[in-house]
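# Notes for the structure review
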Amino acid sequence: MTASLAWSYTKKVGFYLLVAVIIVVSVFPFYYAILTSFKSGTDLFRITYWPTSFSWANYTAVMTQGSFPRNLLNSVFVATVTVLLALFLAITASFALSRVRFRGRSLLLMTILAVSMFPQIAVLAGLFEVIRALGIYNTPWALIFSYTIFTLPFTVWVLTTFMRDLPIEIEEAAIVDGATPWVIITRVFMPLMWPALVTTGLLAFIGAWNEFLFALTFTSSNQTRTVPVAIALLSGGTQYEIPWGNIMAASVIVTVPLVVLVLIFQRKIVSGLTAGGVKG
Amino acid sequence: MKINKLLVGLLGSVALTGGVAQAADLAIVSGDTGTGLAFLRSQLDRFEEETGHTVTVVPMPSSTTDQFGQYRLWLAAGNTDIDVYQTDVIWAPQLADQFLDLTEAAADVAGEHFPSIIESQTVDGKLVALPAFTDAPALYYRTDLLEKYNKEVPTTWAELEATAQEIMDGERAEGNNDMWGFVFQGNAYEGLTCDALEWVVSNGGGQIVEADGTISINNPQAAEAIDRAAGWIGTIAPEGVLGYMEEESRGVWQLGNAVFMRNWPYAYSLGNGDDSAVKDLFDVAPLPAGEGEGARSAATLGGWNVAVSKYSPDPDAAIELALFLSSSEVQKERAIMQSNLPTIEALYDDAEVAEAQPIIPAWKEIFQNAVPRPSAPTKTDYNEVSSLFWSAVHDTLSGNGSAAENLEILEADLTDLKGDGW
Amino acid sequence: MTTDTMTPAIPVTRGSARSELMKQRVLAARWFLVPMLIALGVVAGWPLLRSIWFSFTDASLNNLYGAEFIGIGNYLRWTTLESGRTIYRGLLVDSAWWNAVWNTVRFAAISVGLETVFGMIVALVLNAEFRGRGFVRAAILIPWAIPTIVSARMWGWMLNDQFGIINDMMLRLGLISQKIAWTASADTAMTAVIVVDVWKTTPFMALLVLAGLQMIPRDIYEAADIDGVSKWKQFWRITLPLVRPALMVAIIFRILDAMRIFDLIYVLTPNSSSTKTMSVLARENLFDFDNFAYGSAQSTLLFLIIAGMTVLYIWLGRVNFEGGER
C-alpha cells in the first residue's frame, strides 16, 4: 500500500519536474530578453541572472521612435485578415478534399503542397511583378496576398487531415436531415473542429505576424511596414551599433499580444471532441 | 530598354535646359541608422525649404547585404517609387546600369573630392554616384596599458603581436582572465575581406585583383600575411573572433578586455561614452605595416554615396538632391555633427571641423593610406570575388589548410570566374 | 488505419437518389475548391513558373527582361577539349551545391527528428489534466512566437563566447572548463543552429500533435483502463496510431521548412562551406552575386529535391490521401 503510494507520489513529482523543465527551457530566453530590455549602454555586455536595474527608456524609445505603434496595428490587421482568409478558403476546400471522393484528389493535394516547396527568396522576383501588376504594392493587401502562399497550403493540409478523421455517422445523420454541404461544414463540422481550427489559425497567425522578407520587399514606407521590419529598422546611434536594449524591448512588445492570444484561445484548443460527445 | 534610357536622358536634358524648377515628390532610401537618419532628415528639411521639393526617407535595415539584395530587386523590376539610393562604396560597378550618369551634373564639383573616391564611383567613364562621406578603420589601443608596460604604439604587425602577448600575459597573471591582446572582424563576411585586404596590402601582397584586372592574390607575401593572422587565433585573439563582426569586437573592447582593436571610426565616440570601461583610456593610430618589400600601413576604404535611379519619374529634381547631399556644406555639417569623414579634401583643414571633431584631421593620415577593395576591376562579379576571398581567409584562420594552399585554390577559382575577362 | 472507415464512401443502397446526392456533393466540392485554387494560382503560379523559366535562361538582375533561353546550360553543360577529354560544368556537377544539399539534409533530419520526439512529449504533458496548464500552454508557445529575425539574433547574443550567458552558465555548472566560441567554428555552429531550431519549432509540433490528441475520444482510454491495458501499451496501441495523421502532416511541414532553412544559418554561423545550406547558396547567387539564372536553377533543384523527399516520406510513412480507397 505504502509502496504504491510512494510510486504515485514519485510519478507526480516526476511529472511536475518535467513541466518545470519544459517551462524553463521555453521561457528562459524570453526572460533573458526581458532582462536585457531593461538594460542600457555597456551594461548590455555584462551577464546578470536577475534584474539589476529597471529603466523603461528602451520601451519609450521603441514606442516613440519611428512609427512603431502604427506598425503594430499593421501587423495585427495583416495577420488577422490573412488568417481569416486562409481559414475560410481552407475549410471549404478541405471539406471537398477530405469528404468527397473524386479523381485526382491526391494529385491536387500534392500540388497544393508543392507551393510550399520553393524557397521564399526564389519567388520574390515573380511575386513582386504580380503585386505591381495588381497595383497593390506598398499596401497591406500586398502582404495579405503574398502571405497566402505559405498559410493556405498549411491550413488546407492540416484541416483536411483532421476533417478526414471525423466519424462518418454524424455526417450521415445530417444528410438524412437534408443538410447541404455548406450547412454540414458550418453547423456540424466546425463545432467539432475547434481544436484544429484554433491551432492552425494560431500557427498561421504567428507565421504571418513574424514574416520579414516579403514585408520588407513589398512595402516602401514606414506607414505600411509591419513589426518585424520595424524591429530590423531599430538602430543604434551609429552604423555598426546594434541597439540590443531596444530590439529586446520591441520583441517583448510583439510577443506579449501573442501570449495573450494563446491564453484567450487555449480553452478552445482543448474543448472539441471531448465536449462534443461523439463516439469514434 | 534602349528607348527607355533615351527617354530618360531626353527628359532629363529637357528639364535641365528648361530650368523651370517644379516641385517634385522624391523618395530617398537609406540604410543609415539612429542619429544618422535624424541628421539626414534635418538636411532634407533644409533642402525642402530651399527648393520646394518634398523628400520622404525610406529607412532600410542596417545590414548592407540585405540592402543590396533589396535594391537590386527593386531596380531590376524598375521600381519608380524610389528616386535616390544611398550606396556603399563597392556597389557602383555592380549597379552601374541602373543609375543615371552624373558626370555632367557634377562637372563643377567633382574636382573638390578626393580623386580616388570619384574614381571608385566611375564605371566606364560614367559617374554612377556622388560621395557623401568616407570611412577608414584604425588601430585602437589602450593608452593606460601601454604606459603600464612601458610600450610604444606598434607600427608593425610583429610589434603588435609581441606587445599584445606580453600585456595579455601580464594582465592574466594579475587575475584578469578575460583579457585578450587583439580583436578584429573574423567572421566570414564582407568585413573579413576588409580586414584581410589590409593584412595583405600592408605586407606588400597586392590588392587581390589589381586595377588592370590581373589576379595577384597567390603570392608568398600575401600568404605570409594571412598565415600570420592565423597565428593570432587562440593566442592573442579569442577563438570566437572567427565569428565576430564589428559589434562583437567592440563589445570585448568596450568591457576593457582587449589591448588592441581594429575598427571603424564609429567605435571612437561610443568607446568614450559614460558607461564605457575604456573611457579616456584609449587612442587611435594607423594600422600596423608588415615586413618586406612594399610593406606599409593600409586601411580599407569604406564610405557611402548617393546615386539616382534611372527609373525616377523626376530625374532632374533627384539629381539636385544627390548634388545637395554630397555638397561641401552638408559634408561639413555631417563631419561636425556625425564625425563622418568628409570626401572633400579642404574640410580636413577646416578650423570648425577640427574644433568640433579633433579626430577628423588626425584621420586624414589614416585615410591617405586607404586602399579600395577590387570592386572596380571585377565589376559585377565583385561580390563573388569577395566571398571567395573571405572564405579562403576564413578557412586559413580556422586551420583548414595553410594560406599558400588556400590562396592557390582561390587563384584557380578566381581565374575560372574571370573567364575571358571581368 | 483509422481513416479506412471514415471517408464518406456513402453506401449506394438507395439507387438513383443516392447517386443524385453524390453528384450534388461532387459539384459542391468543385465550387468549394475553386476559390482556393484561384487564390493559389494567382499568388504562386506565376512566381513559381517564372523561377523555373529563369533557370533555363541567362537572366541577370541587371537585365531581367532581356533574358534569353539557353536550355539546360545552368544545370549541365559540357565542352570537349582538343585532347578529346570532356569537361562538365553546371549545377549538377557543382560540388559546392551538393555539399550544401548534404548540409541541409543532415540538418533537416536531425532537427525534425528531435522536434518530433520533444513535440510528442510536450503534447502528452499538455494533454494531461493539471493545474495551470493554460499558463503552460501559453508559455511553450513563446519560442514560436518570437520573430525569427529576433530569436536568431538573441541566441547569437546568448551564445557569444565572451559575454554570452550560455558559456557563463555552463562554466558555473562546471560543464565546461573554458569559454567556447559556439558560433565561430563550423562544428559547434551547426550544433548551435540545431539547438535553436529545435527550441523554436518544437511548439509548432507540440501544438499540432496536441490538437490531434484532443480529437481522440476519451472513452477509448476509459475502455482500455477497464481492460487493464498499461499506459505504455495504450500509448503505442491507441494514442500513436490515432494521432498519426496529425503527426505526419506536422512532420511534412517541418521537413519543408527545415529543407529551406535560411535565417538561422545566415545569422548564427560563420558563412563557411561547412554550414551553408541550399537556400543560403541560392540567395547568394540570386541577389549577392550576378548569377540570377544560376540561383533560379538552384531554387528549382531545391524544389525538386524537396518534392522527391516528400513523396518518399509520404510513401514510406504511408500517409493516406484517399481514405477508404486504400
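Since we're looking at a predicted model, the values are computed, not measured.

Residue and element names in this part refer to chain B. Its location among the elements puts Ser326 in the loop between helix 12 (315–325) and helix 13 (328–338). The class for Ser326 is buried, based on a relative accessible area of 3%. Here Ser326 is in contact with His113, Leu130, Pro131, Gln331 and Ile344, once residues within four sequence places are set aside.

Counting residues at the interface gives 106 residues for chain A and 107 residues for chain C. Interface area lost by chain A to chain C is led by Arg101, Met117 and Phe118 of chain A, which between them contribute 7%. For the pair chain A and chain C, the interface holds 1 salt bridge. For the pair chain A and chain C, the interface holds 11 residue pairs in polar contact (both at pLDDT 80 or more).

Residue and element names in this part refer to chain C. Examined bridge by bridge, strand 1 (residues 77–80) and strand 2 (residues 86–89) share 4 bridges and lie antiparallel to one another. Residue pairing in the sheet places Thr79 in a bridge with Ile87 of strand 2. The turn joining strand 1 and strand 2, which pair antiparallel and follow one another in sequence, is formed by 5 residues; a positive phi near 95 degrees is taken by Gly84.

The next point concerns the environment of Trp199 of chain C. As for its position among the elements, Trp199 of chain C is in helix 6 (residues 186–214). When the C-alpha positions of Trp199 of chain C and Met158 of chain C are compared, they lie 14 Å apart, and in sequence the two are 41 residues distant. For Trp199 of chain C, the residues in contact, after removing those within four places along its chain, are Val25, Ser26 and Pro29 of chain A together with Pro143, Ile146, Ser151, Met154 and Trp155 of chain C.

With that settled, the discussion passes to the domain arrangement of chain A. Often, the extent of an interface is quoted as the loss of accessible area on bringing the components together. Residue and element names in this part refer to chain A. Taken domain by domain, chain A holds domain 1 (2–37) and domain 2 (63–273). The straight-line distance from the C-alpha centre of domain 1 to that of domain 2 is 32 Å. Taken together, the contact between domain 1 and domain 2 spans 5 residues of the former and 5 residues of the latter. Taken together, the two surfaces of domain 1 and domain 2 that pack against each other cover about 440 Å², and 89% of this comes from carbon and sulfur. When the buried area of domain 1 at its contact with domain 2 is split by residue, Phe30, Thr36 and Ser37 rank highest and sum to 75% of it. On inspection of domain 1 and its partner domain 2, the count reaches 0 salt bridges. On the surface where domain 1 and domain 2 come into contact, there are 0 residue pairs in polar contact (both at pLDDT 80 or more). In terms of residue class, the side of domain 1 that touches domain 2 is built from 3 nonpolar, 2 polar and no charged.

This paragraph deals with the domain arrangement of chain B. Residues and elements named next belong to chain B. Segmenting chain B into domains produces domain 1 (8–136 + 302–371) and domain 2 (138–300 + 374–418). For domain 1 versus domain 2, the distance between C-alpha centres works out to 29 Å. The contact between domain 1 and domain 2 buries some 1,800 Å² in all, and 66% of this surface belongs to carbon and sulfur atoms. Run the count over domain 1 and domain 2 and you get 0 salt bridges. Here domain 1 and domain 2 share 3 residue pairs in polar contact (both at pLDDT 80 or more) between them. The set of elements that each furnish at least two residues to the side of domain 1 that touches domain 2 consists of helix 4 (92–95), helix 15 (359–368) and strand 13 (370–371). Per element, the largest residue contribution to the side of domain 1 that touches domain 2 is 4 residues, and it comes from helix 15. Residues belonging to the side of domain 1 that touches domain 2 are distributed by class as follows: 11 nonpolar, 3 polar and 3 charged.

Residues and elements named next belong to chain B. Here we have 4 strands laid out as an open sheet, ordered 8-9-7-10, and mixed in their pairing. Only two strands of the sheet have a single neighbouring strand rather than two, namely strand 8 (180–183) and strand 10 (282–285). On average, each strand axis in the sheet is tilted by 15 degrees relative to the strand beside it, whichever way the strands run. Pairing between strand 7 (residues 138–142) and strand 9 (residues 258–263): 4 bridges, direction antiparallel. Within the sheet, the bridge partner assigned to Tyr141 lies in strand 9 and is Phe260. Relative to strand 8, helix 7 (residues 157–173) is tilted by about 140 degrees, and along the sheet it contacts strand 7, strand 8 and strand 9.

On to the layout of surface pockets. A volume near 1,500 Å³ is recorded for the largest pocket. The wall of the largest pocket is formed by 45 residues, among which Glu384, Leu388 and Asp413 of chain B together with Asp94 and Ala96 of chain C lie closest to the centre. Breaking the lining of the largest pocket down by element, the ones donating at least two residues are helix 17 (382–397) and helix 18 (403–418) of chain B together with strand 1, strand 2, helix 2 (95–127), helix 10 (278–288) and helix 11 (292–316) of chain C. Looking at the lining of the largest pocket, the element that brings in the most residues is helix 17 of chain B, giving 7 residues.

Contacts between the two partners involve 31 residues from chain B, matched on the other side by 28 residues from chain A. Buried surface at the junction of chain B and chain A, summed over both partners, amounts to about 2,600 Å²; 59% is from carbon and sulfur atoms. Of all residues in chain B, Leu73, Glu247 and Leu255 of chain B bury the most surface against chain A, accounting for 18% of the area lost on that side. At the junction of chain B with chain A, the criterion picks out 5 residue pairs in polar contact (both at pLDDT 80 or more). At the level of secondary structure, the elements contributing two or more residues to the side of chain B that touches chain A comprise helix 2 (34–51), strand 2 (54–59), helix 3 (64–76), helix 10 (246–254) and helix 11 (266–271) of chain B. The element contributing the most residues to the side of chain B that touches chain A is helix 10 of chain B, with 5 residues.

Reading the values: rules and limits
Residues numbered from 1 in each chain as written. Chains lettered and ligands numbered in written order. Predicted model: local features only at pLDDT ≥ 70, side-chain atom pairs only at ≥ 80, totals over all residues. Heavy atoms only, no water. Helix = DSSP H or I, 4+ residues; strand = E, 2+ residues; numbered from the N terminus. Buried < 20%, exposed > 50% of the residue type's maximum accessible area, 1.4 Å probe, protein only. Contact = heavy atoms within 4.5 Å. Buried area = accessible area lost by both parts, 1.4 Å probe. Salt bridge = Lys/Arg side-chain N within 4 Å of Asp/Glu carboxyl O. Polar contact = N/O pair within 3.5 Å; in protein donor to acceptor, adjacent residues only side chain to side chain. Pairing = 2+ DSSP bridges. Domains from an automatic or database assignment. Nonpolar A, V, L, I, M, F, W, Y, C, P; charged D, E, K, R; others polar. Axes fitted to C-alpha atoms, helices over the stretch in contact; angles between N-to-C directions. 1 Å grid on protein atoms, 1.4 Å probe; cavity = no way out; pocket = protein on both sides within 12 Å on 5 of 7 lines; lining within 4 Å. Points joined across faces, edges and corners; volume = space filled by probe spheres on them.

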